[in-house]
Amino acid sequence: MTTADLAGADLRGLLLSRIRDVPDYPVPGVTFKDITPLLADPAAFGALTGALAELCVRHRADKVVGLEARGFILAAPAAARAGLGFVPVRKAGKLPGVTHRQAYELEYGTAEIEVLGDAFVPGERVLVIDDVLATGGTAEASLELIRRAGAEVAGLAVLMELGFLGGRARLAPALDGAPLEALVAV
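Draft legend 1. Expanded view of the pairing of strand β6 (residues 109–116). In terms of strand pairing, strand β4 (residues 85–91) meets β6 through two bridges, oriented antiparallel. When the sheet's bridge partners are listed, Lys 91 is paired in β6 with Ile 113.

Structure representation (structure tokens):
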């Protein structure tokens, strides 16, 4: 089954059928959305990778950023399939050499992410890919990093958007008109 064989509703249905709910993980009251069954299914993972690669092409990306850690799993094969380079955005202190670093707020404190200082050529269009859009803090920080490194934001693509957490509204100013694409919204 290729991505071209799947209409939007069929793709969403396939993806949702392979995402498992894990109640009370990592803490009581939280339902974790586990994508490992999707990754283990070659047809579903192939369809997901194809859909993300199509977004890379549609938004005229020159490079693809994946956010640590599950974003790497989705972004790297999508970039390869689209014929583009892949750039990891990592937790602070994990990359060698000169980096750009960005702090962001968490519900329980702050964190930092970074990208290599020479990851982008000025003016390159960069599509950010991640697994889940929740509150949007990490994604927002990545958009700032990309711009600070001299590149343009082509957009943000996620497998799943948890709409009830308000990440889309938070990201609207940081996206500055760039598209936000969620393959599945819950």
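Draft legend 2. Spotlight on helix α5 (residues 137–148). Between its first and last C-alpha, α5 extends 17 Å over 12 residues, near the 16 Å set by a 1.5 Å rise per residue. Along α5, the residues classified as buried are Gly 137, Ala 139, Ala 141, Ser 142, Leu 143, Leu 145 and Ile 146.

Draft legend 3. Up close: the packing of helix α1 (residues 8–17) against helix α3 (residues 42–58). Interaxial distance between α1 and α3 falls to 10 Å at its minimum, and their mutual angle equals 130°. Between α1 and α3, the angle falls in the class oblique. The hand of the α1/α3 crossing is left-handed. Touching Leu 11, Leu 14 and Leu 15 of α1 are Ala 43, Ala 44, Ala 47, Leu 48 and Ala 51, all from α3. When the residues that make up the contact of α1 with α3 are grouped by side-chain class, the tally is eight nonpolar, no polar and no charged.

Draft legend 4. Here's a closer look at the packing of aromatic side chains. For the coordinates displayed, the defined rule picks out two aromatic pairs. Ring centres 5.3 Å apart and planes at 80° place the aromatic pair Tyr 25 and Phe 32 in the edge-to-face group. In this structure Tyr 25 comes out as partly exposed when scored by relative accessible area, which is 45%. Overall, Phe 32 belongs to the partly exposed group, its relative accessible area being 24%. A ring pair is formed by Phe 72 and Phe 86, whose centres lie 6.0 Å apart and whose planes are at 85°; its orientation type is edge-to-face. Of the two residues, Phe 72 is situated in helix α4 (residues 70–82) and Phe 86 in strand β4; the sequence distance between them amounts to 14 residues. Residue Phe 72 is classed as partly exposed on the basis of its relative accessible area, which comes to 22%. A relative accessible area of 29% places Phe 86 in the partly exposed class.

Draft legend 5. Structural context of the environment of Lys 91. Position of Lys 91 relative to the elements: it lies in strand β4. Taking relative accessible area as the criterion, Lys 91 reaches 48% and is therefore assigned partly exposed. Distance in space between the C-alpha atoms of Lys 91 and Val 64 is 17 Å, their sequence separation being 27 residues. If near-sequence neighbours (up to four positions away) are discounted, Lys 91 is found in contact with Glu 68, Glu 112, Ile 113 and Glu 114.

Draft legend 6. Spatial organisation of the nonpolar core. In this structure, Leu 15, Leu 48, Leu 52, Ile 129, Leu 159 and Met 160 are the most contacted members of the largest nonpolar core, which totals 28 residues. Those elements that place two or more of their residues in this core are α1, α3, α4, β7 (125–133), β8 (152–161) and β9 (180–185). Here this core gets seven residues from one element, more than from any other, and that element is α3. Ignoring sequence-local partners within four residues, the contact set of Leu 15 consists of Leu 38, Ala 44, Leu 48, Leu 159, Leu 183 and Val 184. One finds Ala 141, Ala 151, Val 153 and Ala 174 within the second-largest nonpolar core, a separate group that totals 27 residues.

What counts and what doesn't
- Residues numbered from 1 in each chain as written.
- Predicted model: local features only at pLDDT ≥ 70, side-chain atom pairs only at ≥ 80, totals over all residues.
- Heavy atoms only, no water.
- Pairing = 2+ DSSP bridges.
- Helix = DSSP H or I, 4+ residues; strand = E, 2+ residues; numbered from the N terminus.
- Expected span 1.5 Å × (residues − 1).
- Buried < 20%, exposed > 50% of the residue type's maximum accessible area, 1.4 Å probe, protein only.
- Axes fitted to C-alpha atoms, helices over the stretch in contact; angles between N-to-C directions.
- Parallel < 35°, antiparallel > 145°, perpendicular 65-115°, else oblique.
- Left-handed = near helix turned anticlockwise from the far one by under 90°.
- Contact = heavy atoms within 4.5 Å.
- Nonpolar A, V, L, I, M, F, W, Y, C, P; charged D, E, K, R; others polar.
- Phe/Tyr/Trp six-rings, centres within 6.5 Å; stacked < 30°, edge-to-face > 60°.
- Core = buried A, V, L, I, M, F, W, Y, C linked by side-chain atoms within 4.5 Å.

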